[in-house]
Amino acid sequence: MSKAALRQATREALANTNVCSALGKFADNYVIAREQAYRHKDFEGLRREVARIKREAAERMEELAAQFTREATRRGATVFRAATAQDAREYIARLARSRGIKTIVKSKSMASEEIHLNKYLKEQGLDAVETDLGEWIIQLACQRPSHMVMPAIHMSRNEVAEIFSREIKKPVEPEISSMVQLARRELRRKFLSSWMGISGANIAVAETGTIVMVTNEGNGRLTTTLPPVHVIIVGLEKLVPCFTDIAPILEVLPRSATAQHITTYVTMITGTVPAVDPDGNYHEKKELHIILLDNGRTRMAADPVFKEALQCVRCAACLNVCPIYQLVGGVFGDVYTGGIGTVLTAFFTDPQKAQQVQNLCLGCGRCRDYCSGNIDLPALISELRRRTVEREGLGYVEKVIFERVLVNRRLFHRLLKTASRLQKPFARGGKIRHLPLFLSGLTEGRTLPAIADIPFRDRVGTLPRPDRATGRVAIFSGCLIDFVYPGIGESVAKVLAALGFEIVHPEQQTCCGYPAKQAGLTNIFAELARQNIAAFAGIDAGHILTACPTCAEALKFLYPELLAGDPVWSKRARALAEKVTDFSSFVFAHREKLVTFMIPLKKKVTYHDSCHLKRRLRVTGEPRQLLIDAGAELVEMTPADLCCGFGGSYSIKFPELSRSVLDRKLQAVLGSGAEVVALDCPGCQMQIGGGMDRQNPRVQVMHTAEILARCLAGTGRVQNG
Ligand code: SF4
Ligand code: SF4
């Protein structure tokens, strides 16, 4: 799939209001219902336990596969190890032919989707009918499931009625209960006349040879019990060592998948059982064939980074909360969709497609918080990107930007100053509302802030300072505050001065490097990390403070990880990281000095949780408390932690998607009735501020530092430099 094809597919998905509204509505309700389902449960503890079981099982994959094979065989099953999708498909077709079977019923199985089984069986003259309602609809519509758990979630009832009408050659009313009855009637006939049933599995227990299936529709039980031949396709990652390992997986899977405490059916199959065939003949033992599917799983298990993906229990929580999946559904992935789908696509189905699809990830990190297998999906997607760039290289423009400009601080800053002069014909009052020609897309639906005439670094001499300094803080401004929002930097300085801190701004500091990391350029990121570490070395300050959470994440967490293998720089990176703090946490720790003399804001304020602040720095309560201290009436928007859609260069690469995510955020803000949106991130300020300027300019968008500084205005606590 080419870049252009991917962009076209996303545009078409965005134009399909069914997809957006069905997924969006479901996503909003899902978060609330899931929270209820986990009430009184220790989700963190449970997912750590699931991750441990699955991680250890992946390390012993071969051993567990052999044990499972022995135990299941001992209990009457035939176990087949399929190295590839083709091996699995051929085994099933051969088996059907050798038994003279023509009609097959199937229950829901992502593994069978992965190996494109239906298409193959059809080519072989075999009729395999899906019996899960959603899967049946998808099969009749000749489509692909758009969701792992709810395959037809993107379809409206009218579309389903049309599909059913075509199938039974009679008009069908778009009424849900009667359509369910119709499906039941049609499918019962298939169950009673089929000689083979094919199912998937959620867990395979090595010590007993047991297969566990978690379902909500009775079709799973009918598929596994009625036909005299039963084939189970199970990926090797479903293996666990012991029967007791089932429990924690069953605790998280239904809660995370459908917000249920337990699904309607939990089926355990250990060995063969009797059956009655469609002709009414009794069989003392039905045929049970278990296909252990590799198809890239042992390669994944051997990969030091991607083996983590084998901790997945396929709950689809990562899809349900993903702002991009909510907009484009199945376009974000292949057979498997969303963040995890991107990674599985690279190993199991279509590596070429994964190379493009991974670009759709915004890097917001929301999926990481909800993952039942405790997988750091954004990190895996980032690694996928890094490997793609390593293999394929960069485009010319990106190459020049990253390899020539970004690593050369003087050139980078000179270019920004030149851009600030060139933008003059388009900027009014610090804002750019329209750009010409090929740049026009950048200002569609949002206003851009102009690059400042005087960057923050050139204002340091005139910043407020305390009457009597009690400490020193070094400021890491980051590119956006330095060159676009120097006013935020001045507000930071004002608040720090009121707290008694003087500030120092090392001039050699440069971009934190996060954009290079996002582009998959680890070497450039490391080079910028070293430049910044050197810039702050020897600076006499107890703290390094930044009002940009992306920079804070880079300096505090990513630099030490990135340089861990470097004997010289790792120590220096750790020393820097220990001093780094974000603005709100720092001020919160000293807030008793502020609260007594601020002039109350007396406005209705809603707070937007920036992804990096909430998900990496784990800061949520501190800025809210500071706003309350400042006299704001705090009103929460729902959801407060949905990404704004900025994502750095993402808003340039996928402007339509970025705008659509922003629209959802703006609706949440407007729904809160707030007069001010407070936030802690200049990137979010650019995105939300730009969007709000078009939708409702009366709603102000301000950094927490700006709000606090405004409340200090005229208090006489600080003096200008
Ligand atoms: S990081 Fe955000 S955009 Fe990327 S897959 Fe996860 S939830 Fe989706
Ligand atoms: S990656 Fe995590 S959240 Fe996504 S399906 Fe797998 S276990 Fe569930």
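The protein chain has the name (Fe-S)-binding protein in an unreviewed UniProt entry, where Desulfofundulus salinus is given as its organism.

Colleague: Looking at this model, I keep getting lost on the sheet that holds strand β1 (residues 78-82). Mind explaining?
Modeller: Across a sheet, paired strands are connected by hydrogen bonds in the backbone, their directions being either parallel or antiparallel. Pairing is parallel across the open sheet formed by six strands, whose spatial order is β1-β12-β7-β4-β2-β3. Since the sheet does not close on itself, it has two edges, and those belong to β1 and β3 (127-130), each with one partner. For this sheet, the mean inter-axis angle between neighbouring strands, taken without regard to orientation, is 20°. Alignment of strand β7 (residues 229-235) against strand β12 (residues 287-293), held across seven bridges, turns out to be parallel. The residue of β12 that forms the bridge with H230 is L288. Most of the contacts of helix α4 (residues 61-74) go to β1, to which it runs at about 155°, and overall it touches β1 and β12. Contacting β1, β4 (196-199), β7 and β12, helix α5 (residues 85-98) crosses the sheet at an angle of about 165° to β12.

Colleague: I'm lost on the layout of surface pockets in this one. Help?
Modeller: The rolling of a water-molecule-sized probe over the atoms marks out the regions of remaining empty space. Within this model, the second largest pocket holds a volume of roughly 1100 Å³. Elements supplying a minimum of two residues to the lining of the second largest pocket: α6 (110-114), α8 (133-140), α9 (157-168), α10 (176-193), β6 (210-215), β7 and α12 (246-258). Here the lining of the second largest pocket gets four residues from one element, more than from any other, and that element is α12. Its residues assigned to classes, the lining of the second largest pocket comprises 25 nonpolar, twelve polar and eight charged.

Colleague: For this particular structure, what's the right way to read the domain arrangement of the protein chain?
Modeller: A common way to express how large an interface is: the accessible area buried when the components associate. Entries for the protein chain in the domain assignment read domain 1 (3-298) and domain 2 (397-720). Computed from C-alpha atoms alone, the centre-to-centre distance between domain 1 and domain 2 is 46 Å. Each side of the interface is counted separately: domain 1 has seven residues, and domain 2 has seven residues. Linking domain 1 with domain 2 are three salt bridges, by the criterion used here. Its salt-bridge partner being R7, residue E656 comes within 3.2 Å of it at the nearest N-O pair. Our count for the domain 1 to domain 2 interface comes out at three residue pairs in polar contact (both at pLDDT 80 or more). Residue assignment for the side of domain 1 that touches domain 2 shows that the elements contributing at least two residues are α1 (3-15) and α2 (17-37). Among the elements that line the side of domain 1 that touches domain 2, the one with the most residues is α1, at five residues. A breakdown of the residues in the side of domain 1 that touches domain 2 according to their chemical character gives two nonpolar, two polar and three charged.

Colleague: Teacher, can you tell me more about a nonpolar patch on the surface here?
Modeller: On the surface, a cluster of nonpolar side chains totalling about 360 Å² of accessible area is made up of Y396, V397 and I401. Residue position: V397 is located in helix α20 (residues 396-406). A residue is classified by how much of its surface remains accessible, and V397, at 56% relative accessible area, is exposed.

Colleague: Would you mind going over the site of ligand 1 with me for this structure?
Modeller: In the vicinity of ligand 1, the contacting residues are C322, P323, G339, C361, L362, G363, C364, G365, C367 and P378. Its atoms largely coinciding with the cavity grid, ligand 1 occupies the largest cavity. Taken together, the residues of the shell around ligand 1 sort by class into seven nonpolar, three polar and no charged.

Colleague: How should the site of ligand 2 be read in this particular structure?
Modeller: Around ligand 2, 13 residues are found, and the nearest of them are C312, C315, A316, C318 and C371. Tallied by class, the residues present in the shell around ligand 2 amount to ten nonpolar, two polar and one charged.

Colleague: So what exactly am I meant to see when it comes to the side chain of D303 here?
Modeller: Tracing the backbone shows D303 in the loop between α13 (297-301) and α14 (317-320). A polar side-chain atom of D303 sits 2.7 Å from a polar atom in the side chain of R387. With residues up to four places along the chain from it excluded, the contact list for D303 reads F347 and R387.

Colleague: I tried to follow unusual backbone geometry on my own but got confused; where do I start?
Modeller: It is generally the case that most residues other than glycine have a negative phi and that most peptide bonds are trans. Of note, the bond from T638 into P639 is cis; its omega dihedral lies within 30 degrees of zero at -10°. At H116, a position not held by glycine, the phi torsion is positive, near 50°. Within the fold, H116 resides in the loop between α6 and α7 (117-123). Here H116 falls in the partly exposed class, since its relative accessible area comes to 41%.

Colleague: So what exactly am I meant to see when it comes to the nonpolar core here?
Modeller: The tendency in soluble globular proteins is for nonpolar side chains to be buried side by side. One finds F68, I211, I290 and I324 to be the most contacted residues of the largest nonpolar core, which totals 74 residues. Top contributing element to this core by residue count: helix α16 (residues 338-349), with six residues. If you look at the next biggest cluster of nonpolar residues, it comprises 66 residues, including I475, A498, F583 and L666.

Procedures and definitions
Residues numbered from 1 in each chain as written. Chains lettered and ligands numbered in written order. Predicted model: local features only at pLDDT ≥ 70, side-chain atom pairs only at ≥ 80, totals over all residues. Heavy atoms only, no water. Pairing = 2+ DSSP bridges. Helix = DSSP H or I, 4+ residues; strand = E, 2+ residues; numbered from the N terminus. Axes fitted to C-alpha atoms, helices over the stretch in contact; angles between N-to-C directions. Contact = heavy atoms within 4.5 Å. 1 Å grid on protein atoms, 1.4 Å probe; cavity = no way out; pocket = protein on both sides within 12 Å on 5 of 7 lines; lining within 4 Å. Points joined across faces, edges and corners; volume = space filled by probe spheres on them. Nonpolar A, V, L, I, M, F, W, Y, C, P; charged D, E, K, R; others polar. Domains from an automatic or database assignment. Salt bridge = Lys/Arg side-chain N within 4 Å of Asp/Glu carboxyl O. Polar contact = N/O pair within 3.5 Å; in protein donor to acceptor, adjacent residues only side chain to side chain. Patch = residues over 30% accessible without salt bridge, like charges linked within 9 Å, V, L, I, M, F, W, Y side chains within 5 Å. Areas by Shrake-Rupley, 256 points an atom, 1.4 Å probe, with all protein chains shown as cover. Buried < 20%, exposed > 50% of the residue type's maximum accessible area, 1.4 Å probe, protein only. Near = heavy atom within 4 Å. Sits in = over half its atoms within 2 Å of the grid points. Core = buried A, V, L, I, M, F, W, Y, C linked by side-chain atoms within 4.5 Å.

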